[in-house]
Amino acid sequence: MRQYHETEKKEIQKLAKMYREFLDAGKTERECSSNICRIAKEQGFENLEDVIREGKQLKAGDKIYAENMKKSVIMMEIGTDDIENGMLLIGSHIDSPRLDIKQNPLYENGGMAYLDTHYYGGIKKYQWVASPMAIHGVIVKTDGTTVQINIGEKPEDPVVGVTDILVHLSAKQMEKKGSVVVEGEALDLLVGSQPMDKKEDEKEENPVKAYVLQLLKEQYGIEEKDFVSAELEVVPAGAARDFGLDSSMIMAYGQDDRICAFTSLMGFLYSKPSAKTKVCMFVDKEEIGSVGATGMHAHFLENTVAEVINSQGEYSELKLRRALKNSKMLSADVNAGYDPLYAEVFEKNNSAYVGKGAAISKYTGARGKSGSNDANAEYLGILRKAFDDAKVEYQTAELGRIDAGGGGTIAYIPAAYGMDVIDIGVPILNMHAPYEVSSKADVYETTKCYKAFYEM
């Protein structure tokens, strides 16, 4: 990490505080999307749906946002240049690994009540046991009413969790491979042990389950059948915290990839107006392949750009295709921070180091770059100049040693339009664990990096 002067140190701490608040406000993709839309409104952005409904014509300087199924967001600032000549885009994802509660989840066993779960994304399942967990999400009733659920975050809230076998009886468990030390079907959430009060002549087959249902009815007005139309996510309880005796880092859930969502949002909002139309995009489902109606494989970006072109009275299919093809994009996703305790899976000369700035990855993927975008050298040259001119601290990195594993991002998907795309993000430790660690300096430098991109 380079030496920062006092003014920069204050800026770093201010940005870090804002980042922690951003994380706490959005522990699910729904919450994150809602928070981003709130910020957009406060910053004077207009809902694209209102623009379309009112038949308004967009012009240079106008700011709009669009939300997709309450799980993805696109923010745009219209530039003076014809959009057909391309845009400047940064795209991140706002979903994170977690446990999802199943549609028929509640059961009683051994005098205790549980919620059955299905893990989401790539996790080490043994990391998600014996820790305080919170439940976030929505339950939609048949009358259309949406019930917001957030249990476990307030100091007075109870927490829940997945139990683990005691070490005294774990001889066979300890002989298992790490991938099966805890099985996926064993990640059930303990939520109660108190039976429902009953009269002497009454019988209740599952009194603990019945009491949990009674509490849910009293507090949220929901019944067991309402779980069918629910999206409930189990995430680590508690706020983002400063990490390290020097408070130089941040430990929190969901930093993959909300750290890039935050820094790209800040870079977008802090950047000067550009001749190019600027786009900041936040998508869902990256952790499971960018699938579905809210993932990057959906046509949310394409449809939004089409609506913007149409609102300018100039729509044609060819203009839309040219706008996408001529664009330049940063795929904003995290990289693995070099961990000297596990040096065997890294190649030191091509690793991202925590505290040394934004990490540029020309390619990601696994084995022989499988699933990678592999950006053009010409594009890298353009970006290097922009970052050097803005005095951005950056580094280049691969995701670990060849054949040690690997991973992908959304980069290859928009690249299919023919636009230039490259991965640039923040190095973090403990990726996909319940609590990940990042450097405050990297939050600062990556924000500067994204800002420089929008101003190039």
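The preceding data block contains the structure.
Residues numbered from 1 in each chain as written. Predicted model: local features only at pLDDT ≥ 70, side-chain atom pairs only at ≥ 80, totals over all residues. Heavy atoms only, no water.

Colleague: Could you clarify how one ought to interpret the overall build of the protein chain in this entry?
Modeller: Helices and strands together make up the secondary structure of the protein chain, namely nine helices and 22 strands. In terms of overall size, the protein chain behaves like a compact globule, its C-alpha atoms giving a radius of gyration of 23 Å where 456 residues would be expected to give roughly 23 Å. Along the three orthogonal principal directions, the C-alpha set of the protein chain runs to about 80 × 55 × 45 Å. By residue count, 51% of the 456 residues in the protein chain fall in the buried class. (Helix = DSSP H or I, 4+ residues; strand = E, 2+ residues; numbered from the N terminus. Rg over C-alpha atoms; globule rule 2.2 N^0.38 Å. Buried < 20%, exposed > 50% of the residue type's maximum accessible area, 1.4 Å probe, protein only.)

Colleague: I keep staring at the sheet that holds strand β11 (residues 241-243) and nothing clicks. Help me out?
Modeller: Strand pairing in a sheet takes place through backbone hydrogen bonds and is either antiparallel or parallel in direction. Pairing in this open sheet of three strands is antiparallel, and the strands run β11-β12-β22 from one edge to the other. Strands with a single pairing partner mark the edges of an open sheet, and in this sheet they are β11 and β22 (436-439). Taken pair by pair, the neighbouring strands of this sheet meet at an average axis angle of 35 degrees, ignoring direction. Relative to β22, strand β12 (residues 249-252) is paired through four bridges, and the arrangement is antiparallel. Bridging across to β22, M251 finds its partner in V437. Where helix α9 (residues 440-454) meets the sheet, it contacts β11, β12 and β22, and its direction lies at approximately 65 degrees from that of β22. (Pairing = 2+ DSSP bridges. Axes fitted to C-alpha atoms, helices over the stretch in contact; angles between N-to-C directions. Contact = heavy atoms within 4.5 Å.)

Colleague: Any chance you could explain the pattern of salt bridges here in plain terms?
Modeller: Pairs may arise between side chains of opposite charge once their charged atoms sit close together. Scanning the model with the defined rule gives 37 salt bridges in all. The salt bridge involving R2 is made with E8; its shortest N-O contact spans 2.8 Å. One network of salt bridges, with partners in common, ties together R2, E8, E393, E445 and K448. (Salt bridge = Lys/Arg side-chain N within 4 Å of Asp/Glu carboxyl O.)

Colleague: I tried to follow the sheet that holds strand β3 (residues 72-77) on my own but got confused; where do I start?
Modeller: One open sheet holds the nine strands; their spatial order is β1-β2-β3-β13-β4-β14-β20-β16-β18, and the pairing between them is mixed. In this open sheet, the two strands that pair with only one neighbour each are β1 (46-47) and β18 (394-396). Across three bridges, strand β16 (residues 358-361) lies against strand β20 (residues 420-425) in antiparallel orientation. By the bridge assignment, I360 is partnered in β20 with I424. Along the sheet, helix α6 (residues 300-311) contacts β2 (63-68), β3, β4 (87-93) and β13 (277-283); its crossing angle with β3, the most-contacted strand, is approximately 35 degrees. This element, helix α8 (residues 377-389), spans β14 (328-331), β16, β18 and β20 of the sheet and lies at about 45 degrees to β20.

Colleague: I keep staring at the pairing of strand β8 (residues 146-151) and nothing clicks. Help me out?
Modeller: For a regular strand, side chains alternate in direction, first toward one face of the sheet and then toward the other. Pairing between strand β7 (residues 133-140) and β8: six bridges, direction antiparallel. Residue pairing across strands places V140 opposite T146, the latter belonging to β8.

Colleague: Sorry if this is basic, but what is going on with α8 here?
Modeller: Each α-helix winds once per 3.6 residues, and so residues spaced three or four apart point in a common direction. In a regular helix each residue adds 1.5 Å, so 13 residues correspond to 18 Å; α8 covers 18 Å between its end C-alpha atoms and thus fits that length. Residues Y379, L380, L383, A386 and F387 constitute the buried set of α8. Along α8, the residues classed as buried sweep out an arc of 125 degrees about the axis, all on the same side. Exposed residues pointing more than 90 degrees away from the buried face of α8 are listed as A377, E378, K385 and D389. Packed against the buried residues of α8 are β14, β16, β18, β20 and α9. Just past α8, the residue K391 takes up positive phi, approximately 55 degrees. (Expected span 1.5 Å × (residues − 1). Arc of directions from axis to C-beta.)

Colleague: Can you walk me through the nonpolar core in this structure?
Modeller: Taken as a class, soluble globular proteins show a tendency for nonpolar side chains to be buried jointly. In this structure, M75, F282, L330, F387, I422, I424 and F453 are the most contacted members of the largest nonpolar core, which totals 55 residues. Among the elements that line this core, the one with the most residues is α9, at eight residues. (Core = buried A, V, L, I, M, F, W, Y, C linked by side-chain atoms within 4.5 Å.)

Colleague: Is there a simple way to think about the pairing of β3 in this case?
Modeller: Buried residues dominate β3, accounting for six of its six residues. Where burial is concerned, the two faces of β3 agree: the one with S72, I74 and M76 and the one with V73, M75 and E77 are both buried. Strand direction decides the pairing type here: β2 and β3, joined by six bridges, are antiparallel. If you follow N68 over to β3, its bridge partner there is S72. Counted along the chain from β2 to the antiparallel partner β3, the turn is three residues long, and its residue M69 has a positive phi close to 55 degrees. When β3 meets β13, the two strands line up antiparallel, connected through five bridges. Counterpart to I74 in the pairing with β13 is M281.

Colleague: Before we go on, may I ask you to explain the packing of α6 against helix α7 (residues 317-325) in this structure?
Modeller: Packed helix pairs are specified by the crossing angle of their axes together with the interaxial distance, meaning the distance between the axes. At their nearest, the axes of α6 and α7 sit 10 Å apart, and the two run at 120 degrees to each other. For the element pair α6 / α7, the angle class is oblique. α6 and α7 meet at a crossing whose hand is right-handed. Only K319, L320, R321, A323 and L324 of α7 make contact with α6, whose side of the interface consists of L301, E302, V305, A306 and I309. Considered class by class, the residues forming the contact of α6 with α7 number seven nonpolar, no polar and three charged. (Parallel < 35°, antiparallel > 145°, perpendicular 65-115°, else oblique. Left-handed = near helix turned anticlockwise from the far one by under 90°. Nonpolar A, V, L, I, M, F, W, Y, C, P; charged D, E, K, R; others polar.)

Colleague: For this particular structure, what's the right way to read the packing of aromatic side chains?
Modeller: Two descriptors summarise a pair of aromatic rings, namely the distance from one centre to the other and the angle between the planes of the rings. What the rule picks out here adds up to 11 aromatic pairs. Plain terms: the ring middles of F22 and F262 are 5.5 Å apart, the flat faces sit at 55 degrees to each other, and that makes the pair tilted. Placement of F22 in helix α1 (residues 6-25) and of F262 in helix α5 (residues 255-270) is noted, with a sequence separation of 240 residues between them. For F22, a relative accessible area of 4% gives the class buried. Aromatic pair F268 and Y454: ring centres 5.3 Å apart, planes at 65 degrees, arrangement edge-to-face. Highlighted residues: F268 in helix α5 and Y454 in helix α9, separated in sequence by 186 residues. One aromatic cluster is present, built from ring pairs that chain together F45, F268, F453 and Y454. The cationic tip of K278 hangs over the ring face of F268; the distance from NZ or CZ to the ring centre is 5.5 Å. (Phe/Tyr/Trp six-rings, centres within 6.5 Å; stacked < 30°, edge-to-face > 60°. Lys NZ or Arg CZ within 6 Å of the ring centre and 35° of its normal.)

Colleague: Help me understand the environment of V208, please; the structure alone is not making it clear to me.
Modeller: Looking at the secondary structure, you find V208 in helix α4 (residues 207-220). V208 gets classed as buried once you look at its relative accessible area, which sits at 4%. Sequence-wise, V208 and P195 are 13 residues apart; in three dimensions their C-alpha atoms are separated by 4.0 Å. Contact partners of V208, with chain neighbours within four places excluded, come to E108, G111, M112, A113, G192, S193, Q194 and P195.

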